[in-house]
Amino acid sequence: MNPLYIIQKIKLLELGISYRWLIPLLITGIYSHAQQTEIVDFIRVEAQVKPIYSEKKVLGTATYTFQTLQRCDSIFLDAVDVNLLKVNSKKKISITSTNKKIWLVSNFIPYKTYTVSFSYDATPKQALYFTGDQIWTQGQGKYTSHWLPSLDDMNDKIEFDLSIVAPKDKIVIANGNLLNIIEKGNLKTWEFDMKKPMSSYLVAFAVGDFEKKELTSTSDIPIELYYNNLVSNKVESTYRYTTAIFDYLETEIGVPYPWQNYKQVPVHDFMYAGMENTTATFFSEAFVVDSIGFSDRNYVNINAHELAHQWFGNYITETEGTHHWLHEGFATYFALLAERQIFGDDYYYWKLFQSAEQLASISNEGKGESLLNPNSSSLTFYEKGAWALHILKEKVGEEIFKTAIKNYLEKYQFKNVTTDDFISEVEKVYGEKLTDFKSDWLQQSAFKTEQAYQSLMRSNFINEFFKISALRGTTLTNKILELEKALNFPNDFIGQEAVYQLDGEDLSQTIALYKMAFESNNLYVRQAIALSLISIPDELKVEYESLLKDDSYVTQETALGNLWVSFPEEKSKYLNAMDGVMGFQDKNIRQFWLFLALITEDYKPEKKSDQLSELRQYTSPKYGNAIREIALEYLGYLNLWDDAALFNLIDACQHHYWRFQKSSRVILANLIEDDSFRNRLILLGKELDTTSSNFLNKMLYK
Ligand SMILES: [Zn+2]
C-alpha cells in the first residue's frame with residue numbers, strides 16, 4: 001500500500017463527512033497497482049437477508065470474518081447503493097459507506113482475525129429480481145454486491161453462509177446445506193451452510209412456490225430437482241438423464257463432486273439458459289418441457305453444462321477474463337461428452353461439425369477471435385474452447401488428458417488459475433511442450449478449419465454426411481439414387497439433408513422421395529419436410545396432415561401454418577384438430593392457434609371475443625416473458641389492443657430482460673407513430689405510476 005495515500009486519506013477524513021465521496025476515487029487509483037486480495041483475505045460471510053416484496057428491497061444483517069495479510073489501515077467490501085443501518089464492531093473498526101463500497105478502517109495487524117457486523121438495506125437495480133411470485137438472484141455479470149456487500153473480485157474466495165427470511169408458505173433455495181427452518185409468525189428463516197469457499201458471483205438464493213424431487217448420485221450426493229407445482233407432469237421429461245449425467249461427469253472428470261449437494265431450479269423470466277451458482281443451478285423455464293417438447297428443446301445440454309461448471313469455474317476459478325475459456329470451454333466440452341454418452345457418437349460429431357461451421361465462417365471473414373482475448377464472444381469461449389479441448393485430447397491421448405485434468409483440479413482446488421496453469425499440468429503428464437497447440441488453438445485468432453475437418457473425418461457418419469451434402473449443386477436426376485438411399489431408414493441428420501435438397505425441385509420427380517421421407521417415421525426427417533415444403537401439393541396432403549400429430553411442437557406449429565395457408569377451404573378442420581394444444585412453456589401453439597382463429601372469419605364467430613381476451617391475457621406480467629413476447633407480437637399484427645394490453649406493453653418495455661424489453665419497445669414505438677394510438681397512450685399515461693409515466697413520456701416525446 002502506498003503510504004502517501006494513507007496520509008491523504010486521514011487528512012480527508014479529518015476534513016469531515018462531506019469529502020467522504022473522494023475516498024473511493026483516491027483509493028481506486030492506488031489499487032490499480034495492488035489488488036485488495038493481496039492485502040486482506042475475507043474468510044467467511046454469515047448473512048441474513050430478508051426480501052421485502054412490496055418495496056422490492058432487502059434488509060440484511062451480515063457478519064464478516066477476515067484477516068489482513070499485511071499492515072494496512074483500510075479495506076473495503078463492494079456494496080452498490082447499500083445503506084448502512086446499524087454497525088456493530090468490537091475492535092474499534094470504523095465502518096462507513098459510499099455509494100459503491102463499505103469501508104472498514106482501523107489499524108489492522110497482519111494475520112490477526114477480525115470480525116465485523118452491520119445491518120443494511122438495499123433496493124437492487126440488478127442481481128436480485130422480484131418476478132411475479134418469485135425472487136431470485138443472478139451474480140455473474142450483475143454483481144452480488146447489489147444485495148449483499150461482498151467482493152466482486154473472483155480471486156477472493158469466501159465461505160458464504162446465507163439465511164433467508166421469507167413468507168411462511170414459500171420455499172427457499174440457496175447455496176449449501178439447509179440446516180434449519182425457524183418459523184416465527186408469518187415468516188420462516190431458512191438457514192444454509194457452505195463448507196468451502198467460493199467467488200461471490202456464485203452466491204445465490206431463490207424464493208418461490210416450488211416442489212422438489214429428490215435423487216441421489218451413485219457417489220451419494222443428494223440431488224434436488226425443483227419445479228413449479230403447476231407443471232408436475234413435466235418433471236420427468238425436464239430432468240431426464242440427470243443422475244446419468246451426474247454419475248458420468250464424476251467418473252469422466254475423475255475428481256469427486258466438490259460440494260455437499262446439488263440443486264436445480266427453473267426460475268421465471270431468467271435472462272440466460274442457466275447459471276451454475278455453487279450447489280444451486282438456476283435455469284430458464286423455457287427448458288421445462290413435456291415428453292413432446294423434449295425432442296425439440298431439452299435441458300440435457302444445460303443440465304450437463306452447469307453441472308460441469310461446479311468443477312470448472314466454481315471449484316477452480318479463472319484469475320481474470322483472459323482465461324474465461326477455462327470455465328466456458330470446459331463446461332461446453334464436458335457437456336458434449338455427457339451428451340455423447342446419452343445420444344451417441346453421431347450426435348457428438350454433428351454438434352462439433354455445427355460449431356466448426358460457425359467458427360470457420362466467422363474466421364473466413366477475418367473475424368476469428370483468440371481464446372485468450374477477454375473480449376472474445378461467447379461463441380469463441382464456449383465452442384472454440386470445446387474444440388481446443390477436443391483437439392488436445394486427440395493429440396495427447398485419452399489417458400494423459402484425463403490424468404492431467406485430475407491433477408489440475410486437485411492442485412488448484414478452491415483457488416484461481418490461468419491458462420498456463422492448465423497447460424503446464426498437461427505438459428507434465430505428456431512429457432513434451434505443447435507449443436504448437438498453444439499457438440494454433442489458444443493464441444491464434446483464425447480457426448484451424450483444416451485441422452478441425454481432418455478430425456471430424458474420423459467419424460464414418462460425418463463422411464457419409466459430407467457425401468450427401470456435396471450433392472447440393474448436382475441436378476436432381478444425377479443424385480436421385482443417392483437421395484433415395486439416404487431416405488431409406490435414414491440417419492436423423494443425413495435424412496434431413498436429403499429432404500432439404502428436394503426443396504425447389506420439380507414435384508413430379510420428388511413426390512416419391514417425399515413419400516419415402518414421410519414413411520421413414522423419423523421425427524427429424526419429417527420435421528425437415530414441415531420446415532422446407534411450405535406450399536403443399538395435393539398429392540402429399542394426407543401425409544402432411546399427419547405431421548400435426550408428430551411428437552414435436554416445432555413440427556406441429558409449422559405444419560398447422562402451412563396447411564392453413566395451402567388448403568384455405570379446410571381451415572376450420574385444422575383449427576379443430578389443434579384446439580387445446582399448448583406447445584412449449586411459451587404456449588407457442590396455443591397462441592398461434594388463437595391468432596389463426598381470430599383471422600379465420602367464419603371460424604366459430606361466437607367465440608371470437610373469448611379468443612381475443614385469451615390472447616390479450618397472455619400479455620400480462622403474471623405470465624413469463626416468453627409467453628408475453630409472443631402475445632404482444634400477435635396483438636401487434638392484429639392491432640387489437642385494449643387498455644389492459646397497452647398497460648402490459650408499457651410494463652414489458654421496462655422488463656429486466658433486455659431482449660424482451662427491446663422487442664416490446666419496437667412494438668410500442670410503432671404504435672406511437674399512429675396518431676390515434678398516440679393520443680390514446682397520452683390519456684393512459686395519466687393512470688400510470690411515476691416510473692412508467694416518465695418512461696412513456698420519453699417514448700412519446702423523443
Ligand atoms: Zn457456462
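Please read all numbers here as calculations on a predicted model, not as lab measurements.

K.L.:
How should I be thinking about the overall build of the chain in this particular structure?
P.N.:
Along its length, the chain carries 28 helices and 21 strands. Taken over the C-alpha trace, the chain has a radius of gyration of 29 Å; the compact-globule value for 702 residues is 27 Å, and the two agree within 12%. Across its three principal directions, the C-alpha atoms of the chain cover 90 × 75 × 50 Å. In the chain, which comprises 702 residues, the proportion classed as buried is 54%. Taking contacts inside the chain between residues at least 6 apart in sequence as the whole, the part at least 24 apart equals 67%. Put simply, the chain shows about 30,400 Å² of open surface, and 50% of that area lies on carbon and sulfur atoms.

K.L.:
What am I meant to see in the pairing of strand 13 (residues 187-193) here?
P.N.:
Each regular strand displays side chains that alternate between the two surfaces of the sheet. Extensive coverage of strand 13 is indicated by the burial of five of its seven residues. Strand direction decides the pairing type here: strand 10 (residues 159-167) and strand 13, joined by five bridges, are antiparallel. Directly across from S163, in strand 13, lies its bridge partner E191. Relative to strand 13, strand 12 (residues 177-184) runs antiparallel, the two sharing seven bridges. Its bridge partner being in strand 13, I182 is matched across the sheet by T189.

K.L.:
How should the side chain of S376 be read in this particular structure?
P.N.:
Tracing the backbone through its elements, the reader meets S376 in the loop between helix 8 (345-364) and helix 9 (378-396). Residue classification places S376 among the buried positions, given a relative accessible area of 8%. A distance of 2.8 Å separates the side chain of S376 from the backbone oxygen of S370, its partner in a polar contact. Setting aside chain neighbours within four positions, we find S376 in contact with E369, S370 and F381.

K.L.:
What is the right way to read the coordination of the zinc ion from this model?
P.N.:
In a perfect tetrahedron of four donors around a metal, the angles come out at 109.5 degrees. In a perfect octahedron of six, they are 90 or 180 degrees. With distances of 2.0 to 2.1 Å, the protein atoms coordinating the zinc ion are H305 (NE2), H309 (NE2) and E328 (OE). On the primary sequence, the residues serving as donors to the zinc ion are separated as H-x3-H-x18-E. Taken together, the residues span a long stretch of sequence, with H305 in helix 6 (residues 300-309) and E328 in helix 7 (residues 325-343) at a distance of 23 residues. Of the two residues, H305 and E328, both sit in the buried class.

K.L.:
Looking at this structure, how should I read helix 16 (residues 492-502)?
P.N.:
Helical periodicity: at 3.6 residues per turn, an α-helix aligns residues three or four positions apart in one direction. Of all eleven residues making up helix 16, nine are buried, and the element is well covered by its neighbours. Here helix 16 has its buried residues at F493, I494, G495, Q496, E497, A498, V499, Q501 and L502. Summarising the contacts, the buried residues of helix 16 are in contact with helix 8, helix 14 (460-469), helix 15 (476-487), helix 17 (507-519) and helix 18 (523-532). Here helix 16 starts with a cap whose side-chain oxygen sits 2.7 Å from the backbone nitrogen of F493, and that cap is N491. One or two residues past the end of helix 16 sits G504, with phi positive at roughly 85 degrees.

K.L.:
Would you explain the sheet that holds strand 8 (residues 128-131) in this entry?
P.N.:
One key point about sheets: their strands pair by backbone hydrogen bonds, in either a parallel or an antiparallel sense. Strand order in this open sheet of four strands is 8-9-14-11, and the pairing throughout is antiparallel. Edge positions in the sheet fall to strand 8 and strand 11 (171-174), since each has one partner strand and no second. Across the sheet, the mean angle from the axis of one strand to that of its neighbour is 15 degrees, orientation sign disregarded. Of the strand pairs in this sheet, strand 11 and strand 14 (residues 205-208) are connected by four bridges, and their pairing is antiparallel. Among the inter-strand pairings, I171 is bridged to a residue of strand 14, identified as G208.

K.L.:
Please clarify how the pattern of salt bridges should be interpreted in this entry.
P.N.:
A side chain of one charge can pair with a side chain of the opposite charge if their charged atoms are brought near each other. Scanning the entire structure with this criterion turns up 39 salt bridges. Its salt-bridge partner being E497, residue R472 comes within 2.6 Å of it at the nearest N-O pair. Taken as a pair, R472 in the loop between helix 14 and helix 15 and E497 in helix 16 lie far apart in primary sequence, 25 residues in all. Where R590 meets E614, a salt bridge forms, and the shortest distance between an N and an O atom there is 2.9 Å. In this pair, R590 is assigned in helix 22 (residues 588-599) and E614 in helix 23 (residues 608-617), connecting sequence segments 24 residues apart. We note that R590, like E614, is buried. Linked by salt bridges that have partners in common, R44, E46, E159 and D161 make up one network.

K.L.:
Which parts of the structure should I look at to understand the environment of V417?
P.N.:
Along the polypeptide, V417 turns up in strand 21 (residues 416-417). According to the relative accessible area criterion, V417 is buried, its value standing at 1%. As a C-alpha pair, V417 and T281 span 136 residues in sequence and 22 Å in three-dimensional space. Not counting residues within four places of it along the chain, the set of residues in contact with V417 comprises I316, T317, E318, T319, H323, L326, Y408 and Y412.

K.L.:
What exactly am I supposed to notice about the packing of aromatic side chains here?
P.N.:
Within a pair of aromatic rings, the relevant descriptors are the distance that separates the centres and the angle that separates the planes. Evaluated as defined, the whole model comprises 60 aromatic pairs. Judged by centre distance (5.2 Å) and plane angle (45 degrees), the rings of F42 and F66 are tilted. Of the two residues, F42 is situated in strand 1 (residues 40-52) and F66 in strand 2 (residues 57-68); the sequence distance between them amounts to 24 residues. Note on accessibility: F42 and F66 belong to one class, buried. Here the aromatic rings of Y129 and W136 are separated by 4.8 Å at their centres, their planes lie at 35 degrees, and the arrangement is tilted. For the pair formed by Y129 and W136, the shared burial category is buried. Site record: aromatic cluster; members linked through ring pairs are F312, W325, F330, Y333, F334, F401, Y408, Y412 and F422. Just above the ring of F76 sits the side chain of K101; from NZ or CZ to the centre is 4.5 Å. The residue whose ring lies beneath R297 is F584, and the NZ or CZ to ring-centre distance is 4.1 Å.

K.L.:
Please clarify how the sheet that holds strand 12 should be interpreted in this entry.
P.N.:
Within the open sheet, the seven strands sit side by side as 4-7-2-1-10-13-12. Their pairing is mixed. Whereas interior strands pair on both sides, the edge strands pair on one side only; in this sheet they are strand 4 (82-88) and strand 12. On average, each strand axis in the sheet is tilted by 20 degrees relative to the strand beside it, whichever way the strands run.

K.L.:
In this structure, what is going on with the pairing of strand 14? I would like to understand it.
P.N.:
Covered by surrounding structure in strand 14 are F205 and V207 together with A206 and G208, the residues of both alternating faces. Relative to strand 14, strand 9 (residues 134-137) is paired through two bridges, and the arrangement is antiparallel. Residue I135 lies in a different strand from strand 14, and its bridge partner there is V207.

K.L.:
I would appreciate a short explanation of the environment of K549 in the present structure.
P.N.:
Within the secondary structure, K549 is located in the loop between helix 19 (541-545) and helix 20 (553-566). Each C-alpha atom, one on K549 and one on A273, is 28 Å from the other, the two residues being 276 residues apart in sequence.

K.L.:
Sorry, what's going on with helix 12 (residues 435-443) here?
P.N.:
Of all the positions in helix 12, only F437, D440, W441 and L442 are classed as buried. The buried residues of helix 12 all sit within an arc of 160 degrees when viewed along its axis, so they share a single face. Summarising the contacts, the buried residues of helix 12 are in contact with helix 7, helix 9, helix 11 (419-430) and helix 13 (449-456).

Cut-offs and rules
Along each chain, residue indices are assigned from 1 in the same order as the chain's sequence is written. Confidence filtering applies because this is a predicted model: local features only for residues at pLDDT of at least 70, side-chain atom pairs given and counted only at 80 or more, and all residues used for totals across whole chains, interfaces and linings. Side-chain measures here rest on the full set of heavy atoms in the structure, leaving out hydrogens and waters. In this description a helix means any DSSP run of H or I spanning at least four residues, a strand means any run of E spanning at least two, and both kinds are numbered starting from the N terminus. With the radius of gyration taken over C-alpha atoms, the globule rule is written as 2.2 Å times the number of residues to the power 0.38. Note on exposure labels: buried denotes an accessible area under 20% of the residue type's maximum, exposed denotes more than 50%, and partly exposed covers the range between, all computed with a 1.4 Å probe on protein chains only. The contact rule is simple, with two residues in contact once any of their heavy atoms fall within 4.5 Å. In short, Shrake-Rupley with a 1.4 Å probe defines the accessible areas, and a residue's cover is counted only from the protein chains shown. Being paired, for any two strands, means DSSP has found at least two bridges between them. Throughout this description, a polar contact denotes any pair of N or O atoms lying within 3.5 Å of each other; where both atoms belong to protein, one of them has to be capable of donating a hydrogen while the other can accept it, and for residues adjacent in sequence the pair is counted only when both atoms sit in side chains. Ligating atoms shown are N, O and S within 2.8 Å of the metal, or 3.2 Å for Na, K and Ca, and water is not included, meaning a site may look less than complete. Axes, fitted as lines to C-alpha atoms, cover a helix only where it is in contact. Angles between the N-to-C directions of the axes lie from 0 to 180 degrees. Whenever a carboxyl oxygen of Asp or Glu lies within 4 Å of a side-chain nitrogen of Lys or Arg, that contact is scored as a salt bridge. Note on aromatic pairs: the rings of Phe, Tyr and Trp (six-membered ring only in Trp) are paired at centre separations within 6.5 Å, and the planes decide the class, stacked below 30 degrees, edge-to-face beyond 60, tilted for the rest. A ring has a charge above it when a Lys NZ or an Arg CZ is no more than 6 Å from the ring centre and no more than 35 degrees off the ring normal. Arc definition: it is the arc formed by the directions from the helix axis to the C-beta atoms.

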